[in-house]
Amino acid sequence: MDAGAPKFRRRKADRPEEIVNAALEVFAEKGFAAAKLDDIARRAGVSKGAVYLYFETKEDVFRAVVERAILPNLSVVKAMAAAHPGPLADLLRGLAGHIAGVVETTPIGGVLKMVVGEARNFPELARVWHDELITHALGAMAEAIRNAQARGEVKPGDPRTFALQLISPLLVGVLWRETFVPVGAQPFDLPALMRQHIDTLLGGMLTEGARA
């Protein structure tokens with residue numbers, strides 16, 4: 001063995017994943033317009049040319065971030081909703097805790113702020129986020145609520161609207177953290193925020209029988 005040979009070489013198959021993980025961090029920190037492929041390559045420890053081997057444009061990198069780094073978390077949420085046979089209240093508490101935990105421990109919140117802030121100039125960001133994430137998340141929660149209504153647990157009302165009511169405080173909490181906490185605002189505890197919100201909202205959603 002050549003003594004001067006490196007002890008470790010990353011497999012080429014690993015590089016797209018490394019690039020995607022680096023891009024998730026760079027987008028969260030800098031936003032879309034300010035992020036450069038050079039920044040992503042440097043963070044991933046590859047050349048800019050290596051990035052172009054797998055992605056033609058920065059928009060392609062963003063789509064890969066959504067599909068490979070964020071969408072798997074949504075798949076877990078959908079699986080939890082589909083597999084839960086019990087009361088809706090238990091499901092919603094479990095989902096809220098899981099989602100808040102993901103948002104607390106990953107850069108996803110920074111990417112969400114980027115999408116909201118830059119959607120006017122880069123509408124493709126909003127389109128991808130909506131089509132790949134929001135539509136499916138709302139759909140899964142609305143379906144769970146619809147099933148609970150059929151079981152007599154939830155009062156009449158549009159399931160999709162109920163689902164949006166459930167998600168909205170977390171989105172506001174994330175935007176608060178990403179926008180105002182860096183300039184001195186007091187942060188919210190997102191898991192605690194969601195626990196309190198779920199308990200409050202369920203008081204208005206659930207039928208008398210489901211609350212008993």
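Along every chain, residues carry numbers that run from 1 in the direction the sequence is written. A pLDDT threshold of at least 70 governs which residues receive local features in this predicted model, and a stricter bar of 80 or more applies before side-chain atom pairs are shown or counted, although totals over entire chains, interfaces and linings include all residues. The basis for every side-chain value is the complete set of non-hydrogen atoms in the structure, without hydrogens or water.

Draft legend 1. A look at the overall build of the protein chain. Broken down by element type, the protein chain carries ten helices and zero strands. The order of α-helices and β-strands along the protein chain, N terminus first, is α-α-α-α-α-α-α-α-α-α. Projected onto the principal axes, the alpha-carbon positions of the protein chain cover approximately 75 × 40 × 30 Å. The burial tally for the protein chain puts 39% of its 212 residues in the buried class. Each helix is a run of H or I in the DSSP string that is no shorter than four residues. Each strand is a run of E no shorter than two, and both are numbered from the N terminus. Only protein chains enter the calculation, and the probe is 1.4 Å; a residue is then buried if its accessible area is under 20% of its type maximum, exposed if over 50%, and partly exposed in between.

Draft legend 2. Region of the structure containing the pattern of salt bridges. Throughout this description, the term salt bridge denotes a Lys or Arg side-chain nitrogen within 4 Å of a carboxyl oxygen of Asp or Glu. Applying the stated rule across the entire model yields twelve salt bridges. With a closest N to O distance of 2.8 Å, Arg 63 and Glu 124 form a salt bridge. Pair noted here: Arg 63 is in helix α4 (residues 58–83) and Glu 124 is in helix α7 (residues 123–150), with a separation of 61 residues, a long-range link. Given the relative accessible area of 30%, Arg 63 is considered partly exposed. Accessibility expressed as a relative area gives 29% for Glu 124, which makes it partly exposed.

Draft legend 3. Structural detail: a nonpolar patch on the surface. Each patch groups residues whose relative accessible area exceeds 30% and which form no salt bridge, using 9 Å between like charges and 5 Å between nonpolar side chains of Val, Leu, Ile, Met, Phe, Trp and Tyr. In this description, accessible areas are obtained by the Shrake-Rupley approach with a 1.4 Å probe, and a residue is regarded as covered only by the protein chains that are shown. Together, Trp 176, Phe 180, Val 183 and Phe 188 make up a nonpolar patch on the protein surface, roughly 420 Å² of accessible area in all. Within the secondary structure, Trp 176 is located in helix α8 (residues 159–179). The class for Trp 176 is partly exposed, based on a relative accessible area of 31%.

Draft legend 4. Fine view of the environment of Pro 159. Locating Pro 159 in the fold gives a position in helix α8. Taking the relative accessible area as the measure of exposure, Pro 159 reaches 10% and is therefore buried. Each C-alpha atom of the pair Pro 159 and Glu 143 lies 7.3 Å from the other, and the pair is 16 residues apart in sequence. Beyond its immediate stretch of four places on either side in the chain, Pro 159 contacts Ala 142, Ile 145, Arg 146 and Gln 149. Residue contacts are counted whenever heavy atoms from the two residues lie within 4.5 Å of one another.

Draft legend 5. Spotlight on the packing of aromatic side chains. Under the pairing criterion, centres of Phe, Tyr and Trp rings, with the six-membered ring standing for Trp, must be within 6.5 Å; the plane angle then separates stacked pairs below 30 degrees from edge-to-face pairs above 60, leaving the rest tilted. Going through the model one piece at a time under the given rule, you end up with six aromatic pairs. With centroids separated by 4.8 Å and ring planes inclined at 65°, the aromatic side chains of Phe 32 and Phe 122 adopt a geometry described as edge-to-face. With Phe 32 in the loop between α1 (15–30) and α2 (37–44) and Phe 122 in the loop between α6 (108–118) and α7, the pair connects residues that are 90 residues apart, well separated along the chain. Among the residues examined, Phe 122 registers a relative accessible area of 24% and is labelled partly exposed. Among the aromatic residues, those joined into a ring-pair cluster are Phe 27, Phe 32, Phe 62 and Phe 122. Sitting over the face of the ring of Phe 32, Lys 58 holds its NZ or CZ atom 4.6 Å from the ring centroid. Lysine NZ or arginine CZ positioned within 6 Å of the ring centre and within 35 degrees of the ring normal marks a charge as sitting over the ring.

Draft legend 6. Quick look at α8. To estimate how far a helix should reach, multiply one less than its number of residues by 1.5 Å. Its 21 residues place the ends of α8 30 Å apart at the C-alpha level, agreeing with the 30 Å of an ideal helix rising 1.5 Å per residue. Here the bend at a residue is taken as the angle between two axes, fitted respectively to the seven residues that end there and the seven that start there. The largest bend in α8 amounts to roughly 35° and is located at Ile 167, with the proline Pro 169 lying one to four residues further along. By the burial criterion, the buried members of α8 are Pro 159, Phe 162, Ala 163, Leu 166, Ile 167, Leu 170, Gly 173, Val 174 and Arg 177. Buried-residue contacts for α8 involve α5 (88–105), α6, α7 and α9 (190–205).

Draft legend 7. Summary view of the confidence of the model for the protein chain. The predicted model of the protein chain has a mean per-residue pLDDT of 90, with 93% of residues at 70 or higher. A low-confidence stretch, residues 1–10 (pLDDT under 50), is modelled with five contacts involving residues beyond four sequence positions or located in other chains. How sure the predictor is of each residue is captured by pLDDT, a score from 0 to 100.

Draft legend 8. Structural detail: the side chain of Glu 153. Structurally, Glu 153 can be placed in the loop between α7 and α8. Every residue in contact with Glu 153, bar those within four places of it in the chain, is listed here: Gly 86, Pro 87, Leu 88, Ala 148, Met 205, Leu 206, Thr 207 and Ala 210.

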